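What follows is the residue order along each chain.
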Amino acid sequence: MTSDAAPTTVSHREYQQKKKQRRNKPTLSCFECVERKTKCDRGRPHCLACIKRQTECKYAHVANLLEETARNATNGRRMTKPPKKRADGPDSPIPPNFADRSLTTSQGVSRGAIALSTGLLSNVPYSTPGASNVFGIGSEHPFANYWTCEGGLPEVISVLPDKVQADILLGRYFECVDPVYPMLHRQTFYADYEHFWSLPPTEKNRIDAAFVALLFVMLALGTQFVTSTSPAERKQTAEFYASASNQALRMNSYLSTASIRSIQAMVLITYFLINDNHASDGWAFGGILMRQAYAMGLHRDPNIVTPNASTFEKDQRRKVWQAVLLQDTFLTVLLSLPPSATHTDVNVDDLIDDSSSIANSNPTDTAYIRGSWTLANLVQETICSPRSLDLPICTTQRHKSKLVADFRAVYRAFPDVFRSWDAESLSGLAQTNKRVVRQTLFLTSNYFHNLMLVHASESADVPLNVRGTLEAAHDAITAFFVLYGLFEVEARVWWVFNHRAFLEALCIGTVLREAMKEPGGIEAVGKDPLFVRARSDITRMIQIMQIMGEGEQGSETARTRVDVLREFLI
């Protein structure tokens, strides 16, 4: 009896195991995503998740067969799958992400409806931009009318300031702009710059037009940060230099050719346009930049596309791609538009310091670039796409907890020097190392702004995390307050920092307004330390905007934002 029962027991156990392993449908995701339990876009030959992780991407044989069948049936597959239908209906007027609700009208008009009425979603609410003068379409200084068909590059070079003035403006560029966007190698640039000034006029006129474009846009950005002229004069001079940069790019045929210098110039022109309160122009020009960066192969691993290049040349390609990716990612966050720098196999970890090279980089700059790059990758994967489609960033509470953990892991990976950012310690550091202070504030602002968006994500199954949202918003907006306290001129110029802080104040105000609608909410907002601090953050933002809007030449944008924020304190 006993000997006969044993086989029966084993057979039953094997049957149960096989039954448990049986699937109703084949796995279509790649093995790596299945193993990690991460979302797979099922791209061929490699999914985006594996490209970003730099892991091997393989699919089951049946998955490849089904993919081949689907491709033949539809004559090609979409790179981006269509979003799932919303449970609340496609015409729901309320944005699912809480931080975006203050940017809609009181009637809850959708962003699509706004696009139909104003023409472009890249037109930023409450920013009151005018026509850009850089491309010759403005009413005051149509610089396109200045340049002639016959003038060519010599005409552009002829409007350079004298070298003493150029040295001063470049000094301001490397002091204020380069710490935040360190894609240029200072020593090699200055070597080319000094060589340019040593040339006779005839040889200057035959110099690389992309270098002239880069030089002029650096002068334009440097001009934005000078304090010796009036705001109106500063704006006109800076726009003229930017127009000269654009004209030099035209002489370089920048739509049909590309180089590291031309891409660098285009990145800086985009930032100039944004600082000049023309974010929509910057968004459009950045689209051309993105296409040219792809066409140049900057999105590819330099070890693959330029295997024989020097370590310095490969790192320059990586830094320029990082600058393009960073600009694209965080501009899409601020404008809630789709990202473009989505396909790349350039690895963050490959950017290293080659101390043996004559043209080695600052180790702190490299750490800053790597930190910004890692954060941009995470933001692009998790925030940019859903917000551009008015979809929830987090679909489940577990998803939100996972995203918060992912962001905190990125923050913990930042070097200690970028995580010690309280106002007192930064004030002391500013006496000896302003460059690191600027980098710390920009990285901190970027991180906490996006963490705020994750906490503020809301859907039918995911409630708003009030405490998490207000704490992240406080840390983010405090970075702007510290920047204003230490570098007031720069805080006035950096549109990205300004606008991000304004959006944080709007998010705080919207949370407070909703909290006051709850039973006992008015009393809680008046007594709870978290809400009291939140109100003081809005008050401080209003105070700064009032200072920026003072006088005849004060910022009209700042005055508009004061009126908007005051409504939350009534």
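Our subject is the structure that appears above.
Model, not experiment: these values are computed from the prediction.

**Q** Could you clarify how one ought to interpret the overall build of the protein chain in this entry?
**A** Check the secondary structure of the protein chain and you find 25 helices and zero strands. Here the protein chain holds 570 residues, and 50% of them are scored as buried. Excluding contacts between residues fewer than 6 apart, the proportion of contacts in the protein chain whose partners are at least 24 apart in sequence is 72%. Total accessible area on the protein chain stands at roughly 27,200 Å², and carbon and sulfur atoms take up 54% of it.

**Q** How do you make sense of the packing of aromatic side chains when you look at a structure like this?
**A** The description of two aromatic rings rests on the distance between their centres and on the angle between their planes. Counted by the stated rule, this structure contains 28 aromatic pairs. Note on Phe 480 and Phe 481: the rings are 6.4 Å apart at their centroids and 55° apart in plane angle, and the pair reads as tilted. Classification of Phe 480 by relative accessible area gives buried; the value is 0%. Taken together, the aromatic side chains of Tyr 173, Phe 174, Phe 189, Tyr 190, Tyr 193, Phe 196, Trp 197 and Phe 211 make up a single cluster linked through ring pairs. Over the face of the ring belonging to Phe 487 we find Arg 438, whose NZ or CZ atom lies 4.5 Å from the ring centre.

**Q** Could you clarify how one ought to interpret the nonpolar core in this entry?
**A** Soluble globular proteins: nonpolar side chains tend toward being buried together. Core analysis: the biggest nonpolar cluster contains 158 residues, and Trp 321, Phe 480 and Met 541 have the highest contact counts within it. Of the residues forming this core, the biggest block, 13 residues, is contributed by helix H22 (residues 495-516). Excluding residues within four positions of it along the chain, Trp 321 makes contact with Met 290, Ala 293, Tyr 294, Leu 298, His 299, Ala 341, His 343, Thr 344, Val 346 and Trp 373. Cys 30, Cys 50, Cys 57 and Tyr 59 belong to the second-largest nonpolar core, a separate cluster that totals nine residues.

**Q** Which parts of the structure should I look at to understand helix H15 (residues 311-335)?
**A** Side chains that are three or four residues apart share a direction in an α-helix, a result of its 3.6 residues per turn. A rise of 1.5 Å per residue sets the reference length of H15, with its 25 residues, at 36 Å; its end C-alpha atoms lie 36 Å apart and thus fit the reference within 8%. Most of H15 is tucked away: 22 of the 25 residues are buried. Two residues or fewer after H15 comes Ser 336, characterised by a positive phi angle close to 55°.

**Q** Sorry if this is basic, but what is going on with empty space enclosed by the protein here?
**A** Unoccupied space between atoms shows up once a probe the size of one water molecule is rolled over them. All told, the structure shown has four cavities of 30 Å³ or more when counted by the stated rule. Volume-wise, the largest cavity comes out at about 150 Å³. Around the largest cavity sit 15 residues that line it, and Tyr 181, Tyr 271, Phe 330, Asn 446 and Val 496 are the ones nearest its centre. Mapped by element, the contributors of at least two residues to the lining of the largest cavity are helix H12 (260-275), H15, helix H16 (363-388), helix H19 (434-456) and H22. Looking at the lining of the largest cavity element by element, the count peaks at five residues for H15. Taken together, the residues of the lining of the largest cavity break down into 11 nonpolar, three polar and one charged.

**Q** Before we go on, may I ask you to explain the environment of Ser 427 in this structure?
**A** Mapped onto the elements of the fold, Ser 427 is located in helix H18 (residues 423-429). A residue is classified by how much of its surface remains accessible, and Ser 427, at 31% relative accessible area, is partly exposed. Residues Ser 427 and Gly 485 lie 58 residues apart in sequence; the distance between their C-alpha atoms is 9.0 Å.

**Q** What am I meant to see in the pattern of salt bridges here?
**A** When their charged atoms lie close together, side chains carrying opposite charge are able to pair. Throughout the structure, instances matching the rule amount to 23 salt bridges. Here Lys 163 ties to Asp 167 by a salt bridge, and the two come within 3.2 Å at their closest N and O atoms. With Lys 163 and Asp 167 both in helix H7 (residues 163-177), this residue pair falls four residues apart, about one helical turn. Overall, the relative accessible area of 26% leaves Lys 163 in the partly exposed class. Between Arg 559 and Glu 556 there is a salt bridge; the shortest N-O distance is 3.0 Å. Here Glu 556 and Arg 559 lie together in helix H25 (residues 556-566), a separation of three residues that amounts to about one turn.

**Q** What is the right way to look at the side chain of Gln 247 in this model?
**A** Following the sequence through the fold, Gln 247 ends up in helix H11 (residues 231-251). Excluding its chain neighbours within four sequence positions, the residues that come into contact with Gln 247 are Trp 147, Thr 148 and Val 156.

Reading the values: the criteria
- Residues numbered from 1 in each chain as written.
- Predicted model: local features only at pLDDT ≥ 70, side-chain atom pairs only at ≥ 80, totals over all residues.
- Heavy atoms only, no water.
- Helix = DSSP H or I, 4+ residues; strand = E, 2+ residues; numbered from the N terminus.
- Buried < 20%, exposed > 50% of the residue type's maximum accessible area, 1.4 Å probe, protein only.
- Contact = heavy atoms within 4.5 Å.
- Areas by Shrake-Rupley, 256 points an atom, 1.4 Å probe, with all protein chains shown as cover.
- Phe/Tyr/Trp six-rings, centres within 6.5 Å; stacked < 30°, edge-to-face > 60°.
- Lys NZ or Arg CZ within 6 Å of the ring centre and 35° of its normal.
- Core = buried A, V, L, I, M, F, W, Y, C linked by side-chain atoms within 4.5 Å.
- Expected span 1.5 Å × (residues − 1).
- 1 Å grid on protein atoms, 1.4 Å probe; cavity = no way out; pocket = protein on both sides within 12 Å on 5 of 7 lines; lining within 4 Å.
- Points joined across faces, edges and corners; volume = space filled by probe spheres on them.
- Nonpolar A, V, L, I, M, F, W, Y, C, P; charged D, E, K, R; others polar.
- Salt bridge = Lys/Arg side-chain N within 4 Å of Asp/Glu carboxyl O.

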